[in-house]
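What follows is the residue order along each chain.
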Amino acid sequence: MKPAKFEYSRPDDLPTVLALLADQEDARILAGGQSLVPMMNFRIAQPAALIDINRVPGLDYIRMEGDVIAIGALARHADIQRSPVIQSNIPIMTEAYDWVAHSAVRNRGTLCGNLCHADPASEMPALMQLLEAQMVVASHTGQREVPAADFFTGTYETALEPDEMLTEVRIAKPAAGTGWRFEEVSMRKGDFAWAACAAMLRLEAGQIAMPRVAVAGVGDAPMRLDAVEAILTGQAPSEDLFQTAAQTGADAIDPPETPAASAAYRKDLVRTLLPRVLSTAAERAE
Amino acid sequence: MDKIEVSLTVNGRTRAALVSPRMLLSDFIRHELALPGTHVGCEHGVCGSCNVLVDGKAVRSCLMFAVQTDGAQITTIEGFGDGDLDPIQTAFWEEHGLQCGFCTPGMLASAKELLDHNPDPSDEEIREAISGNLCRCTGYEYIINAIRSAAAKLRAADPAAA
Ligand SMILES: Cc1cc2nc3c(=O)[nH]c(=O)nc-3n(C[C@H](O)[C@H](O)[C@H](O)COP(=O)(O)OP(=O)(O)OC[C@H]3O[C@@H](n4cnc5c(N)ncnc54)[C@H](O)[C@@H]3O)c2cc1C
Ligand code: FES
Ligand code: FES
């Protein structure tokens, strides 16, 4: 099918983008188009206006600012996946990118567009919760920061107001010695997750400190598993502990039922993936 | 909305046209530029048969609007080779890398992007590069053989690049 008609603009600076977003009725940002255009082709989305940000200079950065990695609205999946800054500072992000879409989609799609689309089976929203990223959100009236925990409010829903744009994601570099792991099961590699699990933890005197566990594909939105984190804290890593954590995790989720993957199967996947990610994270922790 | 003027380079030729914003790049290539070698399978990003090279990168032409390509350099399957088959196409022919041929233009775009950056890919890397291209005839093993063989041909033709 073909998209419905829309007004098109291609501003070359951010203030104009934000002004158009405020002034135009039912306007949407066009970033990589890898989620928005399929929805428009199906006419699930029929925005009255598209504001194409692809020619706004200076939005495609991936850079260190002190201990924080800042990623701009036009940084594409492919560039983040290959970025040495990401690889050396947030290796779990490079690892998780193995699971995100296919190369032609990653060549266009952006991290920020991916987060705004907020598919519950998408990898990066879960990872942003794991990393406790800050979302920098701008409108014509000013700027605010929203923690990832408050940004993802439901299936395809975020805390963004209609006149707001996500301009940057800020991720604090994980502490030295942090162990990490991201694993997923999907129908084919590059498809959305049936279940994905991510873990980060540190070891202090042989005991797990500051564990973080997040899941995707198994609820209305990606989420942290607080109950699992509570069980792990202060314990020595062991297969028994991870099995208990896995059961707790499976009990804490309410996964969707789809023809390809039942809710029970998704729970099984979480029970299987959680011990795997936790034991690899513990091995990698120093 | 009014049509917008675009000017771009397609297979080495400058083309200018007036397009409505909602016109997909795939339709622009096929219907306005009369280059039907770019195939449209799903029109929602899943099959990869519409892949073309935009500024050297393989992208889904069904997920871009033609207006977005103003000033871009585009290579479609018609721009491979110079009236003759290029080494990647030759390898597909020799290795039976196609059956019905529907997925082939998109496969070749993905293969070309891979080989432009990686003259000696492993089978794993080849599989990853074409993971977003569906072949309904399911001749994947032959396609992988073809890309491996194309890499060898290109290395032999230009030993400095290998
Ligand atoms: C075949 C295929 C497979 C895929 N597989 C996966 C997968 O495995 N995992 C995965 O996570 N994703 C997958 N995707 C989706 C892909 O990651 C998209 O790139 C991403 O979801 C959207 O990013 P985009 O830049 O293309 O955004 P767009 O499509 O341009 O926009 C998406 C939405 O966000 C809004 N938006 C975009 N940028 C901003 C901004 N800066 N501020 C405010 N609003 C904004 C748009 O208005 C729109 O509503 C897949 C896509 C395809 C076609
Ligand atoms: S037609 Fe574009 S990906 Fe299928
Ligand atoms: S050769 Fe028929 S779809 Fe691939």
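Treat the numbers as computed from the prediction; the structure is a model and nothing was measured.

## Quick word on the overall build of chain A
In step 1: When its secondary structure is counted, chain A shows twelve helices and 14 strands.
In step 2: Here the C-alpha radius of gyration of chain A, 19 Å, is about what a compact globule of 286 residues would show, namely 19 Å.
In step 3: Considering only C-alpha atoms, chain A reaches an extent of 60 × 45 × 30 Å along its principal axes.
In step 4: Out of the 286 residues belonging to chain A, those deemed buried represent 56%.

## Section: the packing of aromatic side chains
Residue and element names in this part refer to chain A.
In step 1: Scanning all chains against the criterion turns up three aromatic pairs over all chains.
In step 2: Considering the side-chain rings of W194 and Y265, the 5.9 Å spacing of their centres and the 75 degrees angle between planes classify their relative orientation as edge-to-face. With W194 in the loop between β11 (179-185) and β12 (195-204) and Y265 in helix α12 (residues 263-284), this residue pair connects regions lying 71 residues apart in the sequence.
In step 3: On the basis of relative accessible area, W194 is assigned to the buried category, the value being 15%.
In step 4: Over the face of the ring belonging to Y61 we find R63, whose NZ or CZ atom lies 3.7 Å from the ring centre.

## Considerations on the interface of chain B and chain A
In step 1: Each side of the interface is counted separately: chain B has 28 residues, and chain A has 32 residues.
In step 2: When the two sides are added together, the surface that chain B and chain A hide from each other amounts to roughly 2,600 Å², 49% of it contributed by carbon and sulfur.
In step 3: Our count for the chain B to chain A interface comes out at five salt bridges.
In step 4: K2 of chain A is the partner of D27 of chain B in a salt bridge, and the nearest nitrogen-oxygen pair spans 2.8 Å.
In step 5: Of all the elements, strand β4 (residues 57-60) of chain B adds the most residues to the side of chain B that touches chain A, at four residues.
In step 6: Residue composition of the side of chain B that touches chain A, by class: 13 nonpolar, seven polar and eight charged.

## Quick look at the domain arrangement of chain A
Residues and elements named next belong to chain A.
In step 1: Taken domain by domain, chain A consists of domain 1 (7-52), domain 2 (62-172) and domain 3 (179-285).
In step 2: Computed from C-alpha coordinates alone, the two centres of domain 2 and domain 3 are separated by 21 Å.
In step 3: On the domain 3 side, the residues contacting the 23 residues of domain 2 number 26 residues.
In step 4: The contact between domain 2 and domain 3 buries some 2,200 Å² in all, and 61% of this surface belongs to carbon and sulfur atoms.
In step 5: Of all residues in domain 2, E95, W99 and L130 bury the most surface against domain 3, accounting for 30% of the area lost on that side.
In step 6: Taken together, the links from domain 2 to domain 3 amount to four salt bridges.
In step 7: Where R212 meets E132, a salt bridge forms, and the shortest distance between an N and an O atom there is 3.4 Å.

## Points about α12 of chain A
Residue and element names in this part refer to chain A.
In step 1: For α12, built from 22 residues, the straight-helix expectation of 32 Å at 1.5 Å per residue is met to within 8% by its first-to-last C-alpha distance of 31 Å.
In step 2: The set of residues buried in α12 consists of A263, R266, L269, V270, L273, L274, P275, V277, L278, T280, A281 and A282.
In step 3: Among the structural elements, β11, β12, β13 (207-216), α10 (226-232) and α11 (239-252) are those in contact with the buried residues of α12.

What counts and how
Residues numbered from 1 in each chain as written. Chains lettered and ligands numbered in written order. Predicted model: local features only at pLDDT ≥ 70, side-chain atom pairs only at ≥ 80, totals over all residues. Heavy atoms only, no water. Helix = DSSP H or I, 4+ residues; strand = E, 2+ residues; numbered from the N terminus. Rg over C-alpha atoms; globule rule 2.2 N^0.38 Å. Buried < 20%, exposed > 50% of the residue type's maximum accessible area, 1.4 Å probe, protein only. Phe/Tyr/Trp six-rings, centres within 6.5 Å; stacked < 30°, edge-to-face > 60°. Lys NZ or Arg CZ within 6 Å of the ring centre and 35° of its normal. Contact = heavy atoms within 4.5 Å. Buried area = accessible area lost by both parts, 1.4 Å probe. Salt bridge = Lys/Arg side-chain N within 4 Å of Asp/Glu carboxyl O. Nonpolar A, V, L, I, M, F, W, Y, C, P; charged D, E, K, R; others polar. Domains from an automatic or database assignment. Expected span 1.5 Å × (residues − 1).

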